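Spelled out from the first residue to the last, the chains are:
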Amino acid sequence: MSSNPGGNDSQNREIRELTSEIRAADFHYSASVARLSVQAENDPRPGAPSVSPEGAVDGSSDAYKMPLWVKLAFGAPQFSIFSIYMLISVHCTIYYEKLGAKLAYLAFFTAFARSFDVLTDPLMSWWSDSTRTQYGRRRPFIAVGCFCFAIAQFLLLSPGTVAPYLTGTNGVSYWYGTFFVLFYLSDTLCNVPYNAFGPELTEDTVERSNMYFVQNMFGMVGTLMGAAAPPGFQVAFDFSMEWSFTFVGMVFGAWFIVTQLNLVYSLREREASQKQAAVPLVTSMNRALRNGPFAKILLASFLDSVGWFALAATMPFYLQYVVRPGAHSETSDEMWLAIGLVMFFCSAIVATPFWLWCCRKFGKFRTWLAFNAMNGLTNSLFIFVGEGNIAAAMIVTCLNGAPLGARFLNDSTLADTIDYDEFMSGERREAQFTMFISFVPKIVSIPTQALPIALIAAAGFVQSVDEDGDGEVDPQDQPDSVKNVISLIYIGLPVVMNIFSFYIKWNYPIYNEEMNRKISEGIVMHSSGLPAEDPVTGKVIPPKGNLTPEEINDGNLLDHFSLNDLKRLCKEADTSSLHMSLQRRRQLGGFLFVLSIAGVWGTFSLLDDVTLNFIPSMFQIGIGLSMMYLVIITLRVSAADELNKKGVDVEFVRKWRAQIGDPPKKLSAAKLPGPAAVVARLRERVAKIAPSLRRKGPGGGVDVQLV
């Protein structure tokens, strides 16, 4: 709304300055011993946050420069999170196998934990978004969950020292299953709110990139430490394997608790988010998925995850059977794999500042696209790596790791879609969005890690055998059909997924800082009771504040249903067909739930089949998905029953469709007010802001300062 069609330059500039001041005051947060205020002059202290004379010259409406200590407080827990994720992915399976666990059982219990995620992640995100306490929506869960997370991961990594009597028995498999499930439940309890905390800290798109850059650096170092720590402690301190994992669990758990408690103590949440009314679960999920920009990010995340997990699953096979460095050097394949992983993640760490520089130089959207393109390009270079070409393999691995350093742009871009959702709905539901993005890789990981192994086996994979009788199996030469399948999955599939992902991102509608600024200003316009133009669609969206509490409740009820359902209600004003359709879907969900349970029961014996042991895991995932589907459909049936009792008000349904950006053709679209009316309304808003939060800088900008 910075350029009102009917306004002159002076009026447009004042609109921009007023919305900037209101937004900055609304987005403030507190430190443990100090709170944000808006000062009349720049703070002369060294290192104090600065502000441009006209607000944020980059086009964003938040003139606040986030202090480094805030970025460190938010980013530090990521060190333990990523280190533990990497440790579990790389070392945990081998560790438990050496303790006597069966690999197929480990895979099943992994899928079992994922099936819980299908249900618990959406519930936790809604619970966090809906919580209203004097301590905030996120911090209570983080404060409690950090202890659960640390204890669960410690016990998961410590069967050899805590329960040594299980060693050599399949009981260690059930130990893994128990604490792996508890680990992911505690991960949901603590880290869904933690991930949702980030977008609340600033609305400035540049500062968001800087904040997630710091978090990504902690994550990359943590990933490297997770890969290297267990063998490193064994060598450095002469620990046994069991005590090495136990010590790692203690160190990473302690870091996690300390850094999360520091975050809870140091940072505060937005007061405005605490004032918004809670929204029903299905309504909240529907509104998130109805967000056009977010839908594109979600689809791109799915494609990226398919490529990434397929690559991760086949990396050891590609190295051992295609490149075969062990056969052409004195170093084992396992050591070359470790060297490659270290080079990969070191390259990502070194490249991260470069991507931040690109973001500042060329803009976030262009850098985001370049990161995606480079990811596919560098992965395609493996096609030129042949057997025994160790140097080329390591060089390409380094190049392929560099794009990973730009992963922070995914989080920063996601935060922009959360702002857009606030513009469209008047609500903040960070946890719902961050949950969906983290939820996709969890579900994708099971089939994309299992199916490549099955395809390799189907191509004629020759199992390793103990040729020397020394108790160690030796890899066998593989036929060309197997090598070709490995190369196709390792190189071809990620590149194809990357091309499709690039196309989706190319069409992402929030592509510059000006659009982010208009979204931010539109939020202020709505909170001031004024309509605002949607910068994505060009439609004028009326403010939700003009609705009565009863109408908002009716709107929450209508948002249990899809846009097509609402269109039918406009025509029929009858819920019978809608109710019948939902009942059929519930029956389908019940059938799929029973089928999945029967599938697990009937295929459990396949856990001992090397090529088919992924099937019970897939049925287990089906249990979680069908269970969540049943919960959602049941809640929608209840909403349809309530709507039937109240009766369908066709005029209100049309009004609500206009409210959510889908106005019927018969309904006249909302109109933008004149610039004079906008200026007058915004001046009223500024006058109501607390004096300590509304004093302006020397050039009209807002200097948000820690005191």
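Right, let's walk through the structure included here. Quick caveat: nothing in here was measured; it's all calculated off a predicted structure.

The next point concerns the environment of Thr133. With respect to the helices, strands and loops of the structure, Thr133 is situated in the loop between helix H4 (103–130) and helix H5 (139–156). Taking the relative accessible area as the measure of exposure, Thr133 reaches 29% and is therefore partly exposed. Those residues in contact with Thr133, other than ones at most four positions away along the chain, are Pro140 and Gln274. Engagement of the side chain of Thr133 in a polar contact is seen with the backbone oxygen of Gly136, the distance being 2.7 Å.

All right, on to the nonpolar core then. Grouped together as the largest cluster of nonpolar side chains are 149 residues, with contacts concentrated most on Tyr96 and Tyr318. At 15 residues, the largest contribution of residues to this core is made by helix H12 (residues 292–323). Formed by 19 residues, the second largest nonpolar core is a distinct cluster that contains Leu557, Phe561, Ala640 and Ile660.

What follows concerns a nonpolar patch on the surface. A contiguous nonpolar surface patch, about 450 Å² in accessible area, is contributed by Leu588, Phe591, Leu592, Leu595 and Tyr629. Residue placement: Phe591 occurs in helix H22 (residues 576–603). According to the relative accessible area criterion, Phe591 is exposed, its value standing at 53%.

A few words now on the pattern of salt bridges. Taken as a whole, this structure holds 29 salt bridges when the rule is applied. A salt bridge links Asp129 to Arg137; its shortest N-O distance comes to 4.0 Å. Between Glu427 and Arg429 there is a salt bridge, with the nearest N and O atoms lying 2.5 Å from each other. Of the two residues examined, Glu427 and Arg429, each falls in the buried class. Each of the salt bridges in this network shares a partner with another, and the network as a whole consists of Asp129, Arg137, Arg138, Glu200, Arg208, Lys364, Asp416, Asp419, Glu422, Arg428 and Glu430.

Here Ser158 shows up in the loop between H5 and helix H6 (159–162). Take Ser158: its relative accessible area is 0%, and that puts it in the buried class. At 3.5 Å, the side chain of Ser158 and the side chain of Thr246 are in polar contact. Not counting the four nearest positions on each side in its chain, Ser158 is found in contact with Tyr95, Ala163 and Thr246.

Criteria and thresholds
Residues numbered from 1 in each chain as written. Predicted model: local features only at pLDDT ≥ 70, side-chain atom pairs only at ≥ 80, totals over all residues. Heavy atoms only, no water. Helix = DSSP H or I, 4+ residues; strand = E, 2+ residues; numbered from the N terminus. Buried < 20%, exposed > 50% of the residue type's maximum accessible area, 1.4 Å probe, protein only. Contact = heavy atoms within 4.5 Å. Polar contact = N/O pair within 3.5 Å; in protein donor to acceptor, adjacent residues only side chain to side chain. Core = buried A, V, L, I, M, F, W, Y, C linked by side-chain atoms within 4.5 Å. Patch = residues over 30% accessible without salt bridge, like charges linked within 9 Å, V, L, I, M, F, W, Y side chains within 5 Å. Areas by Shrake-Rupley, 256 points an atom, 1.4 Å probe, with all protein chains shown as cover. Salt bridge = Lys/Arg side-chain N within 4 Å of Asp/Glu carboxyl O.

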